[in-house]
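What the coordinates show
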Amino acid sequence: MDRSTDASDAHPSMAVSYEHESLLELFRRRETLAVELLTDMLGVEVPSWTEIRVSEGDLGQVDPVETRADLVLLLDKSGKAVFGIVVEVQLAKDPAKLLRWPLYATTLRVRHGCPVAVLVVAPDRDVAAWAAKPIPLGSGNYYSVIVLGTDAIPRIQTPDVSVELALLSAKAHAETEGGLSIVEAALKCVMQLDASVRGEYHDRLMAWLSPAIREKVNEMLEEHFPYPQSDFAKEHYARGEADLLLRMLTLRFGELSGEIKNRVRQADGETLLRWGERFVTAATLDAVFADG
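Notes on the structure follow.

Okay, the overall build of the protein chain next. Helix and strand counts for the protein chain come out as twelve helices and seven strands. Looking at the protein chain residue by residue over its 292 residues, the buried ones come to 47%. Looking at the protein chain alone, contacts between residues at least 24 apart form 64% of all its contacts between residues at least 6 apart. As displayed, the protein chain has an accessible area near 14200 Å², and 50% of this comes from carbon and sulfur atoms.

Right under this line is the structure:
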């Protein structure tokens, strides 16, 4: 079975993007989100468990940098792991992942002696279809990951779910018919959050939207939501943007100097947006802050 892809389809596995990190952050913030999606949306049977914990993402022995999973979760019962989940956010086709995903599953299974599921979150339909194909291991053996594509994500239109699920739904369906009501439901979920994190979630959602949808959302916000216009909210909006950008910069370029941290934290929203856009393609830290 041919699972090859040309160079135009490939995506450098170590490149960190805003979209990748902001999607992954939903699973970091709500550790049960992966379990809920597996069981409720994808029909995966999970053993009874009482506790969930984040495990080390290093699932390789020879080259840990090249075999680092995005997120590893362990479901425990009576102090023992009963199920492992490897969460991988996949935005583009990457042939190297076809080697690593089976490795993640077998390494985690050997390490903890429990069943393991590799959950691939793929917002792009072509990438989801590519990831869902069985991976040939040789001698007629295959391994399959579990793919969460756009069609498997529910269309959330009420704010009575977790904010992470609401944002994931908005990310998947904002551009579809009726998508604006899904975005509105996500915004209502965001409005229910504590002020210390409200701005960060709001910023994450707005960054995912196309300019056309964002314009419609801004019109809706002006009419229905006081959040963007209040000085209090603007302060937390900028703070959330700054915290997320600092995290992204650290992941890409390593520990930041105090000068850079202060510069980011003191920047206004427009400047943070400009730096965030540069970050996506910048090869160096200086390139992010070029010309202010």
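What follows picks up the thread again.
Tracing the backbone through its elements, the reader meets T281 in the loop between α11 (269–279) and α12 (285–288). Residue T281 is classed as exposed on the basis of its relative accessible area, which comes to 68%.

Turning to the sheet that holds strand β1 (residues 51–55), a few remarks are in order. Sheet strands pair by backbone hydrogen bonding; their relative direction is either parallel or antiparallel. Strand order in the open sheet formed by five strands is β1-β2-β3-β4-β7, with mixed pairing between adjacent strands. Because the sheet does not close on itself, it has two edges, and the strands there are β1 and β7 (146–149). In this sheet, neighbouring strand axes are inclined to one another by 25 degrees on average, regardless of whether the strands run parallel or antiparallel. The pairing of strand β3 (residues 80–89) with strand β4 (residues 116–122) spans six bridges and is classified as parallel. Looking at the pairing, G84 lines up with V116 of β4.

Let us look at the pattern of salt bridges. Across all of its chains, the model carries 13 salt bridges by this definition. With a closest N to O distance of 2.9 Å, R30 and E36 form a salt bridge. Of the residues examined, E36 reaches a relative accessible area of 23% and is grouped as partly exposed. The partner of E200 in a salt bridge is R204, and the shortest N-O contact between them spans 3.0 Å. Note that E200 and R204 are positioned in helix α7 (residues 195–208) at a spacing of four residues, about one turn of the helix.

Attention now goes to the packing of aromatic side chains. The tally for this structure, following the rule as stated, stands at three aromatic pairs. For the ring pair F253 and F279, a centre distance of 6.5 Å and an interplane angle of 90 degrees mean the geometry is edge-to-face. A residue pair is termed long-range when its members are at least 10 positions apart, and F253 in helix α9 (residues 231–253) and F279 in helix α11 qualify at 26 residues. Exposure remark for F253: the relative accessible area of 24% places this residue in the partly exposed category. Residue class for F279 comes out buried when judged on its relative accessible area of 1%. Relative to F289, the ring of W275 lies with its centre 4.8 Å away and its plane at 70 degrees, an arrangement referred to as edge-to-face. One end of the pair, W275, is in helix α11; the other, F289, is in the segment after α12, with 14 residues separating them in the sequence. You'll find W275 and F289 in the same group, each marked buried. The lysine or arginine in question, R204, covers the ring of Y201, its NZ or CZ lying 5.2 Å from the ring centre.

We now examine the environment of L205. Assignment of secondary structure puts L205 in helix α7. L205 sits in the buried class, given a relative accessible area of 0%. The sequence separation of L205 and V183 amounts to 22 residues, and the corresponding C-alpha distance is 8.4 Å. Contact partners of L205, with chain neighbours within four places excluded, come to L167, A170, V183, A186 and L187.

Cut-offs and rules
Residues numbered from 1 in each chain as written. Predicted model: local features only at pLDDT ≥ 70, side-chain atom pairs only at ≥ 80, totals over all residues. Heavy atoms only, no water. Helix = DSSP H or I, 4+ residues; strand = E, 2+ residues; numbered from the N terminus. Buried < 20%, exposed > 50% of the residue type's maximum accessible area, 1.4 Å probe, protein only. Contact = heavy atoms within 4.5 Å. Areas by Shrake-Rupley, 256 points an atom, 1.4 Å probe, with all protein chains shown as cover. Pairing = 2+ DSSP bridges. Axes fitted to C-alpha atoms, helices over the stretch in contact; angles between N-to-C directions. Salt bridge = Lys/Arg side-chain N within 4 Å of Asp/Glu carboxyl O. Phe/Tyr/Trp six-rings, centres within 6.5 Å; stacked < 30°, edge-to-face > 60°. Lys NZ or Arg CZ within 6 Å of the ring centre and 35° of its normal.

Just geometry here; none of it tells us what the structure is for.
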